[in-house]
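The chain contents come next:
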Amino acid sequence: QMFKHIVQGIEYIHSQGIVHHDIKPSNIFISEDLRVVQVGDFGLACSLLSCNTDLQVNLVSEHHGNQIGTKLYAAPEQLKGVCTFKSDIYSLGIVLFELVHPFQTDMERYKVIGQLRGGHIPMDLAASYPSLVHIISQTVCNSKRKRPSATELILKLDSEGMSINNKIIAEKDETIRKLHSEVLLRDKEIEELRQQLSQLKYHSSTS
């Protein structure tokens, strides 16, 4: 839900014709009770309202240079000075990846995200949450045209949320079933031990 709130914020920004252009964890602010999520720091934001029909603009500001935003999170076209709504989607994909794949060190973080940018997703994550990994793959696609819009991403997250909930429920049911089987097995073992103890007492009393 937290990530969905982030995407909803970006969806609103995009509806106003604005590209944030520097989405990363340090620009996302969360209240102590985790109920309020805000996207901040619009210092690098750009407007696409006066752009062509492709909603694309070249960023040639001398202040920012050719590489706009934070390189680790910036979309490939963004690093070439091209700004689109889909550039934010790419950055969101990396943020989502970080949420589901925590790192122990900054070195590991840079290495794994670098691999993600190259198209590699950890196998354990892909095995655990294939649908979620599919969403991440779509958002960090090198082709901006193949990335979903913020609205499309929200719909995908809603669908994935249902899948995850169903998976959690199924896992809980399986855990309960296993625990129930273990309890029955232990009850049987206890009963057998009681019978053995009773027989030992009987033999002891008759000897």
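Residues numbered from 1 in each chain as written. Predicted model: local features only at pLDDT ≥ 70, side-chain atom pairs only at ≥ 80, totals over all residues. Heavy atoms only, no water.

Asker: Can you tell me about unusual backbone geometry, naming the residues and giving the values?
Answerer: The phi torsion at H21 lies on the positive side, around 80 degrees, for a residue other than glycine. Within the secondary structure layout, H21 lies in the loop between β1 (18–19) and β2 (28–30). Relative accessible area serves as the criterion here: at 0%, H21 is assigned to the buried category. The residue D41 is not glycine, and still its phi comes out positive at about 60 degrees. Relative to the assigned elements, D41 resides in the loop between β3 (37–39) and β4 (46–47). Classification of D41 by relative accessible area gives partly exposed; the value is 41%. (Helix = DSSP H or I, 4+ residues; strand = E, 2+ residues; numbered from the N terminus. Buried < 20%, exposed > 50% of the residue type's maximum accessible area, 1.4 Å probe, protein only.)

Asker: Describe the packing of aromatic side chains, with residues and values.
Answerer: This structure, assessed with the given rule, holds one aromatic pair. Relative to F103, the ring of F97 has its centre 6.1 Å away and its plane inclined at 45 degrees; by these criteria the two rings are tilted. You can call F103 buried: its relative accessible area is 17%. The ring of Y110 carries the charged tip of R109 above its face, separated from the ring centre by 5.2 Å. (Phe/Tyr/Trp six-rings, centres within 6.5 Å; stacked < 30°, edge-to-face > 60°. Lys NZ or Arg CZ within 6 Å of the ring centre and 35° of its normal.)

Asker: Break down the nonpolar core for me, with residues and values.
Answerer: The biggest cluster of nonpolar side chains holds 34 residues, and the ones touching the most others in it are F3, V7, L92 and F97. Contributing elements (two or more residues each) for this core: α1 (2–15), β3, α2 (85–100), α3 (106–117), α5 (130–139) and α6 (150–206). Beyond its immediate chain neighbours, meaning those up to four positions away, V7 contacts L92, A150, L153, I154 and L157. The next biggest cluster of nonpolar side chains, apart from the first, holds five residues, and it includes V19, L48, C83 and F85. (Core = buried A, V, L, I, M, F, W, Y, C linked by side-chain atoms within 4.5 Å. Contact = heavy atoms within 4.5 Å.)

Asker: So, the side chain of H14: which residues are in play, and what are the values?
Answerer: By the secondary structure assignment, H14 is in helix α1. On the basis of relative accessible area, H14 is assigned to the buried category, the value being 11%. If sequence neighbours within four positions are ignored, H14 has contacts with V19, F85, D88 and A150.

Asker: So, α1: which residues are in play, and what are the values?
Answerer: The terminal C-alpha atoms of α1 lie 20 Å apart, and with 14 residues this matches the ideal 20 Å at 1.5 Å per residue to within 8%. Backbone geometry just downstream of α1 places G17 in the positive-phi region, at approximately 80 degrees. (Expected span 1.5 Å × (residues − 1).)

Asker: Tell me what's going on with α3, and back it up with residues and numbers.
Answerer: In an α-helix, one full turn covers 3.6 residues, which means residues spaced three or four apart are oriented alike. End to end, α3 covers 16 Å across 12 residues, agreeing with the expected 16 Å (1.5 Å per residue, within 8%). Along α3, the positions that sit buried rather than exposed are R109, V112, I113, L116 and R117. Down the axis, α3 shows its buried residues gathered within 145 degrees of arc, on one side only. The outward face of α3, more than 90 degrees from its buried face, is lined by the exposed residues M107 and K111. Here the buried face of α3 lies against α2 and α5. (Arc of directions from axis to C-beta.)

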